Each structure stands twice: as C-alpha cells, then as structure tokens.
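Survey of secondary and tertiary structure
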Amino acid sequence: MAERYLGKYHRQTVALFTGSRLRITGGRRASWVLVHGRQAGRPVYVCAPLEQKGPFGGEGTPSHHRAQLRAMIAALRFRRWDNDGFTHIVICTKDSRTTGYMANFLANWCQSGWMNTNGEPVANADMWQALLGEVERWQQKGVTIQILPMVQWRDSPADGLADNQVVLETTLVSWTDP
C-alpha cells in the first residue's frame, strides 16, 4: 500500500505532484505524470503519453502546457480521494504558467466564452474546461482543491518521471482515464 503525501498540519489533506515533458525531435510528443504517494522511499506514480484527442473528442496539439493540464485532470480523476477521508486536495506543479493563468485569466475566459483578450480562442480550452469541471465536481462533494506552484521548493517527486514515457514511440489517440 502506497503512503500518501499528507498535509503537515491538516491530515485530511493529500498532496499530489504533477509533471510533464515535451519532445519535439522526431515529431511532437508529450507525456504527463501524476505522483500520488511513495512506497519504500520511492514515488508511486501514473505516467502516460498525452492523447491526440482531448476530453471532449477534439484534436489537440501536443505541448508541455497541455500535458500539464492533463496531469492535473488525471490527479482529480485518479481516485475517490474523499473515500480515503481527504477533504482537501493540493496539486503541486512546477508549471507556474498554469497557476498564473488560473489566478489571472480563468474567470475572464469563462465569462468571455473561452476567448482571450485578443478575441481569439483560448489555447487548450478543452483541457481548461475539463479541469474546471473536475474542480467543481469535487467542490460539490465538499472537497476543496488547491493548485500550487512549486517554484519555492527545489525538488518534486514528479521530476524526471515523464521523461521516459515521452521518448517511447507510443501514441494514444483517444482520451483514457488512469
């Protein structure tokens, strides 16, 4: 049984770590990783290539940012965290772009019909919508979600774990949940 990363002062908090990798040489491919615990001092994780189709069936261009959003969606869909007694989920990422967009643009995108300030469609809108839907689903169950940047911390359990997956020639076409 994997040991979970728990909050220091709030034992009903689980910390999940996400990461992603993009490979451009030999064709654009990306992968994502979710670290959800540790066993014998090693990370316990799920890692997969980024699917060609998004959560609603549309095509998406592989990118680091898209893979990071995919990892966050996987974190919230991976398990019934509330069945384990968790009332607070913290997703930790080194992708400050994602946390910055959430803090500064997400509300405006929802209000503007997923158009950016230039009047163009928001990149990866399908992934943002799926992530927002997962956050709302958990909130309806009384579980709070927090997505935090890890820039202040030196190491993440997710560091390097997506690297091996992205070098494989494996490509997933359709969306699959872990």
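All values derive from a computational prediction rather than experimental measurement.

**With respect to the pattern of salt bridges**
A complete count under the given rule lists 6 salt bridges for this structure. Arg66 is the partner of Asp126 in a salt bridge, and the nearest nitrogen-oxygen pair spans 2.8 Å. Of this pair, Asp126 sits in helix 4 (residues 125-140) while Arg66 sits in helix 1 (residues 64-77), placing them 60 residues apart in sequence. With relative accessibility at 3%, the residue Arg66 sits in the buried group. Salt bridges sharing common partners tie together Arg77, Glu134 and Arg137.

**Some details on the side chain of Thr98**
The topology assignment puts Thr98 in helix 2 (residues 96-104). Looking at Thr98, the relative accessible area reads 0%, which means it is buried. Each residue touching Thr98, except ones within four places of it in the same chain, is listed here: His65, Gln68, Leu69, Met72 and Trp128.

**Points about helix 4**
An α-helical turn contains 3.6 residues, so any two residues separated by three or four positions project in the same direction. Between its first and last C-alpha, helix 4 extends 22 Å over 16 residues, near the 22 Å set by a 1.5 Å rise per residue. Buried within helix 4 we find Ala125, Asp126, Met127, Trp128, Ala130, Leu131, Glu134, Val135 and Trp138. In the core, the buried residues of helix 4 are packed alongside helix 1, strand 5 (88-93), helix 2, helix 3 (106-111) and strand 6 (144-149). The first or second residue beyond helix 4 is Gly142, which carries a positive phi of 85°.

**Points about the environment of Ile24**
With respect to the element layout, Ile24 can be found in the loop between strand 2 (13-23) and strand 3 (29-39). Between the C-alpha atom of Ile24 and that of Ser63, which follows or precedes it by 39 residues, the distance is 9.2 Å.

**A short note on the packing of aromatic side chains**
Throughout the structure, instances matching the rule amount to 8 aromatic pairs. Relative to Trp109, the ring of Phe105 lies with its centre 5.9 Å away and its plane at 15°, an arrangement referred to as stacked. Accessibility expressed as a relative area gives 8% for Trp109, which makes it buried. Ring geometry for Trp109 versus Trp114: centroids 6.4 Å apart, planes at 45°, classification tilted.

**Description of the packing of helix 1 against helix 4**
Close contact between helix 1 and helix 4 brings their axes to 9 Å; oriented N to C, the two are set at 20°. By the angle between their directions, the pair helix 1 and helix 4 is classed as roughly parallel. In this structure, the crossing between helix 1 and helix 4 has a hand that is left-handed. Between helix 1, through His65, Arg66, Leu69, Arg70, Met72, Ile73, Leu76 and Arg77, and helix 4, the contact on the second element is made entirely by Asp126, Met127, Trp128, Ala130, Leu131, Glu134, Val135, Arg137 and Trp138. Among the residues making up the contact of helix 1 with helix 4, the classes are represented as 10 nonpolar, 1 polar and 6 charged.

Thresholds applied
Residues numbered from 1 in each chain as written. Predicted model: local features only at pLDDT ≥ 70, side-chain atom pairs only at ≥ 80, totals over all residues. Heavy atoms only, no water. Salt bridge = Lys/Arg side-chain N within 4 Å of Asp/Glu carboxyl O. Helix = DSSP H or I, 4+ residues; strand = E, 2+ residues; numbered from the N terminus. Buried < 20%, exposed > 50% of the residue type's maximum accessible area, 1.4 Å probe, protein only. Contact = heavy atoms within 4.5 Å. Expected span 1.5 Å × (residues − 1). Phe/Tyr/Trp six-rings, centres within 6.5 Å; stacked < 30°, edge-to-face > 60°. Axes fitted to C-alpha atoms, helices over the stretch in contact; angles between N-to-C directions. Parallel < 35°, antiparallel > 145°, perpendicular 65-115°, else oblique. Left-handed = near helix turned anticlockwise from the far one by under 90°. Nonpolar A, V, L, I, M, F, W, Y, C, P; charged D, E, K, R; others polar.

The quantities given are spatial measurements derived from coordinates; they are silent on function.
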